[in-house]
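What the coordinates show
Take a look at the letters that make up each chain.
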Amino acid sequence: MNKIILNKLFELADKSLKNNEFPVSAIIYKDNDIISYGYNNRNKTNITVNHAEIIAITNANKKLNSWQLSNACMIVTLEPCDMCKLVINEARIKEVYYLVPRYNYKKSYKGTTYNHLDLPTKELNKYIENITSFFKDKR
């Protein structure tokens, strides 16, 4: 995984957390180039669907002038929820990588592959541990 993409993912998650949101961020990329990104801001906007994944998809749709994102991949800090998985599937994104799995959560969707991404460096794994403990505390 490209370090620029990972650093941007963490930067967005931090921004979300500083805004009193769950630290979920998402990046859509192709060939290691960022197409779009998003982070949770539903507490700020009071809009239910303002999840990182949906914001990233909407931004990519606008940028590429297409609803189909079949040539792109997504990376997200937390395994997507059911709502986001449905939108990801509709956008035709084929691969999604996530850093933190949802606990006791086994639903999958036809057409999209979800992969838990194990990062090699201690620094990045420490960050993932921090995010994981944040989510455990909230549930």
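Residues numbered from 1 in each chain as written. Predicted model: local features only at pLDDT ≥ 70, side-chain atom pairs only at ≥ 80, totals over all residues. Heavy atoms only, no water.

**Here's the deal with the environment of Val-100**
We count it as follows: Here a strand is any run of E in DSSP of at least two residues, a helix any run of H or I of at least four, and the numbering for each starts at the N terminus.
Within the element layout of this structure, Val-100 appears in strand E4 (residues 95–100). Separated by 24 residues in sequence, Val-100 and Val-76 have C-alpha atoms that sit 8.5 Å apart.

**As for the pattern of salt bridges**
Quick note on the threshold: The working definition used for a salt bridge is a side-chain nitrogen of Lys or Arg within 4 Å of a carboxyl oxygen of Asp or Glu. The rule is simple: take the accessible area with a 1.4 Å probe, protein chains only, and divide by the maximum for that residue type; under 20% is buried, over 50% is exposed, in between is partly exposed.
Inspection of the entire model under this criterion finds 3 salt bridges. We note a salt bridge from Lys-8 to Glu-11, for which the minimum N-O separation is 3.4 Å. With Lys-8 and Glu-11 both in helix H1 (residues 3–18) and 3 residues apart, the pair spans about one turn of that helix. A salt bridge links Glu-79 to Lys-85, with the nearest nitrogen and oxygen atoms 3.3 Å apart. Of the two residues examined, Glu-79 and Lys-85, each falls in the buried class.

**Quick look at the side chain of Glu-53**
Relative to the helices and strands, Glu-53 resides in helix H3 (residues 52–64). The exposure class of Glu-53 is buried, given its relative accessible area of 3%.

**Thoughts on the packing of aromatic side chains**
Applicable threshold: For this analysis, a ring pair means two rings from Phe, Tyr or Trp (six-membered ring only for Trp) whose centres lie within 6.5 Å, classed as stacked if their planes differ by under 30 degrees, edge-to-face if by over 60, and tilted for the remaining angles. Two thresholds decide whether a charge sits over a ring: the Lys NZ or Arg CZ must be within 6 Å of the ring centre and within 35 degrees of the ring normal.
One pass over the full model with this rule turns up 0 aromatic pairs. A cation sits over an aromatic face here: Lys-8 above Tyr-37, 4.4 Å from the ring centre.

**Here we look at the nonpolar core**
The condition is simple: For our purposes a nonpolar core is just a set of buried Ala, Val, Leu, Ile, Met, Phe, Trp, Tyr and Cys residues, chained together by side-chain atoms within 4.5 Å.
Counting 33 residues, the largest nonpolar core has Ile-28, Ile-57, Leu-69, Met-74, Ile-75 and Ile-93 as its most contacted members. Elements supplying a minimum of two residues to this core: H1, strand E1 (25–30), strand E2 (33–39), H3, strand E3 (73–78) and E4.

**Notes on the side chain of Glu-79**
Here is the rule: Contacts described as polar in this section are N or O atom pairs within 3.5 Å, which, within protein, must combine one atom able to donate a hydrogen with one able to accept it, while residues neighboring in sequence count only if both atoms come from side chains.
Along the chain, Glu-79 turns up in the loop between E3 and helix H4 (82–90). A residue is classified by how much of its surface remains accessible, and Glu-79, at 6% relative accessible area, is buried. Side chain to side chain, Glu-79 and Lys-85 meet in a polar contact 3.3 Å long.

**Observations concerning the pairing of E4**
Stated precisely, the cut-off is as follows: Two strands pair under a simple rule: DSSP has to find at least two bridges between them. Orient the strands so they point away from the viewer; a crossover is then right-handed if the path from the first strand over the helix to the second runs clockwise.
Summarising burial for E4: 5 of the 6 residues are buried, a large majority. Note: E3 against E4, 5 bridges, orientation parallel. Bridge pairing links Leu-78 to Val-100 in E4. Crossover handedness for the path E3 to H4 to E4: right-handed.

**Side note on the packing of H3 against H4**
Where we set the bar: Lines are fitted to the C-alpha atoms to define the axes, a helix being fitted only along its stretch in contact, and any angle between axes, read from their N-to-C directions, falls within 0 to 180 degrees. An angle below 35 degrees is treated as roughly parallel, one above 145 as roughly antiparallel, one from 65 to 115 as roughly perpendicular, and anything else as oblique. Crossings are classed by handedness, with left-handed meaning an anticlockwise turn of the near helix from the far one by less than a right angle and right-handed meaning a clockwise turn. What makes two residues a contact is simply this: any of their non-hydrogen atoms within 4.5 Å. Gly falls in the polar group here, along with every residue not listed as nonpolar (Ala, Val, Leu, Ile, Met, Phe, Trp, Tyr, Cys, Pro) or charged (Asp, Glu, Lys, Arg).
Packing of H3 against H4 leaves a shortest axis separation of 9 Å and a crossing angle of 20°. With respect to their mutual orientation, H3 and H4 come out roughly parallel. The two elements H3 and H4 meet at a crossing, and its hand is left-handed. Across the interface between the two elements, Glu-53, Ile-54 and Ile-57 of H3 pack against Met-83, Cys-84, Val-87 and Ile-88 of H4. Each residue belonging to the contact of H3 with H4 can be placed in one class, and the counts come to 6 nonpolar, no polar and 1 charged.

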